[in-house]
Amino acid sequence: MVFQAGERLHLGAEAEVWAGTWLGRPAVRKQRRTRAWRHPDLDHRLGHRRMMSEARLMVRMHRAGIAVPALYDLDPSAGIMVMQHMPGRPLIDVLRDDGLPASFKQTALASTGAAIRNVHRLAITHGDLSTNNVLINEDGHATLIDFGLAAVDYEVERFGIDLHVVDEILGASHPDIDGAIEALLAGYTAEEERQGPPMEQTGGAVPTASEVLQRLENVRTRVRYHG
Ligand SMILES: Nc1ncnc2c1ncn2[C@@H]1O[C@H](COP(=O)(O)OP(=O)(O)OP(=O)(O)O)[C@@H](O)[C@H]1O
Ligand SMILES: [Mg+2]
C-alpha cells in the first residue's frame, strides 16, 4: 500500500483514521479496530462485511457523481481503506464555532440536507447521520462520510429514520441554533425540486422527498407517544 501517513485525525471505538498521501494525493487511511469483547472470528467477519459494504456503496455514489470521498485502496482482510481526503471540518465543530456567522451555519445545514437527499435518491440510507459524519468546506458545502452502516433500501422507513436521527442530534447537541432542522429539511426538499423526481433504481422506485418528510413526521409522533 502506497499510503504515507501524516497525522492521526481520529481514534474511535471502531476505527483509527490517519491523514496522509496516496500517490501524492491528499488521502486518509481508515483502519478498523478490533473489538476485544467480541469473538475474534465474529469480529473479523463483521468488520470485513462492513468495510466491503462501505467501499461498495462509496464507489456507487462516487460514480453517480455525488460528492463522497473517492476510494483509492482497500484491504478488507487487514481492515484498511484508503480514500480521498475531503477538505473541511465536521458539522459539529462548525455549529459550535462562535466565530462563524449564523448565515454560514444556515448554509452548511441546507447543504447537509441537499447532500442527504442526493444519497437518498440513489436508494441509499446512511444509517449513522451524526454531525461528526458531515464535513463542511470553507464555502459551507457539505460532504457525507462514514458509510459503514449505510444500506440500499426502498422502504420509506429507513429514510425517515435517517432524518429523525439528525433531528434528534441537532435538538440535543445544538439547541442554541434557531431553525437548524428546518434549514436542513429545506435543503433536502430544495435539492429534489432542483433535480426533479428521483430516477428509478435497480430495485424499483425510491421514496420521494415529500414521502420521506411525511415519514419523519410519523416517526416523530411515534417517538412522542412511546418514548
Ligand atoms: N475522507 C475523509 N476526509 C477527511 N476526514 C475524514 C475522512 N474520513 C474520515 N475522516 C475523519 O475521521 C473521522 C472518523 O472517520 P469515520 O467517521 O469514517 O470513522 P467511524 O466509523 O465513525 O469511527 P468510530 O466509530 O471509531 O468513531 C471523521 O469524523 C473525520 O473527522
Ligand atoms: Mg464517524
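Coordinates for the structure precede this section.
Residues numbered from 1 in each chain as written. Chains lettered and ligands numbered in written order. Predicted model: local features only at pLDDT ≥ 70, side-chain atom pairs only at ≥ 80, totals over all residues. Heavy atoms only, no water.

### Some words on unusual backbone geometry
One non-glycine residue, Leu23, lies in the positive phi region at around 50 degrees. Tracing the backbone shows Leu23 in the loop between strand 2 (15-22) and strand 3 (25-32). On the accessibility criterion, Leu23 (56% relative accessible area) is exposed. The backbone phi angle of Asp146 is positive, close to 65 degrees, even though this residue is not glycine. If you trace the backbone, Asp146 turns up in the loop between strand 9 (142-144) and strand 10 (151-152). Asp146 gets classed as partly exposed once you look at its relative accessible area, which sits at 22%. (Helix = DSSP H or I, 4+ residues; strand = E, 2+ residues; numbered from the N terminus. Buried < 20%, exposed > 50% of the residue type's maximum accessible area, 1.4 Å probe, protein only.)

### Details of the sheet that holds strand 3
Strands sit in the order 1-2-3-5-4 across an open sheet of five strands; the sheet is antiparallel. Of all the strands in the sheet, the pair left with one neighbour each is strand 1 (3-11) and strand 4 (71-75). On average, each strand axis in the sheet is tilted by 20 degrees relative to the strand beside it, whichever way the strands run. Across the face of the sheet, helix 1 (residues 40-63) comes into contact with strand 3, strand 4 and strand 5 (80-84) while running at roughly 150 degrees to strand 3. (Pairing = 2+ DSSP bridges. Axes fitted to C-alpha atoms, helices over the stretch in contact; angles between N-to-C directions. Contact = heavy atoms within 4.5 Å.)

### With respect to the side chain of Asn133
Relative to the helices and strands, Asn133 resides in the loop between strand 7 (124-125) and strand 8 (134-136). Here the side chain of Asn133 touches Asp128 through a polar contact of 2.8 Å, landing on its backbone oxygen. If sequence neighbours within four positions are ignored, Asn133 has contacts with His126, Asp128, Thr143, Leu144, Ile145 and Asp146. (Polar contact = N/O pair within 3.5 Å; in protein donor to acceptor, adjacent residues only side chain to side chain.)

### Comments concerning empty space enclosed by the protein
A full pass over the atoms with the stated rule returns one cavity of 30 Å³ or more. Counted as a void, the largest cavity has a volume near 30 Å³. Considering the residues around the largest cavity, the lining is formed by Leu91, Thr112, Ile116, Leu129, Ser130, Thr131, Val134 and Val166. (1 Å grid on protein atoms, 1.4 Å probe; cavity = no way out; pocket = protein on both sides within 12 Å on 5 of 7 lines; lining within 4 Å. Points joined across faces, edges and corners; volume = space filled by probe spheres on them.)

### Considerations on the packing of aromatic side chains
Going through the model one piece at a time under the given rule, you end up with one aromatic pair. Here the guanidinium or amino end of Arg25 rests over the ring plane of Tyr72, the centre of that ring lying 5.1 Å away. (Phe/Tyr/Trp six-rings, centres within 6.5 Å; stacked < 30°, edge-to-face > 60°. Lys NZ or Arg CZ within 6 Å of the ring centre and 35° of its normal.)

### Topic: the site of ligand 1
As a structural note, the neighbourhood of ligand 1 is formed by 18 residues, with His10, Glu14, Ala15, Lys30 and Asp146 the closest of them. Take Ala15: an N or O atom from its main chain is 2.8 Å from an oxygen atom of ligand 1. Between ligand 1 and Asn132 there is a distance of 3.1 Å, counted from an oxygen atom to a backbone nitrogen or oxygen. Sorting the residues of the shell around ligand 1 by element identifies strand 2, strand 3 and strand 5 as the ones contributing at least two each. (Near = heavy atom within 4 Å.)

### Side note on the pattern of salt bridges
Within this structure, the stated rule accounts for 13 salt bridges. When the shortest N-O distance is used, the salt bridge between Glu192 and Arg117 registers 2.6 Å. A residue pair is termed long-range when its members are at least 10 positions apart, and Glu192 in helix 5 (residues 180-195) and Arg117 in helix 3 (residues 102-120) qualify at 75 residues. Residues Glu192 and Arg117 agree in their burial class; the two are buried. Here Glu157 and Arg215 are joined by a salt bridge, their closest N and O atoms 2.6 Å apart. (Salt bridge = Lys/Arg side-chain N within 4 Å of Asp/Glu carboxyl O.)

### Examining the sheet that holds strand 9
On the basis of which strands lie adjacent, the open sheet formed by three strands has the order 6-8-9 and antiparallel pairing. The two strands at the open ends of the sheet, each matched to only one other strand, are strand 6 (89-90) and strand 9. One ladder, built from two bridges, connects strand 6 with strand 8; its direction is antiparallel. Pairing of Pro90 across the sheet is with Leu135, part of strand 8.

Nothing here speaks to function; it is geometry throughout.
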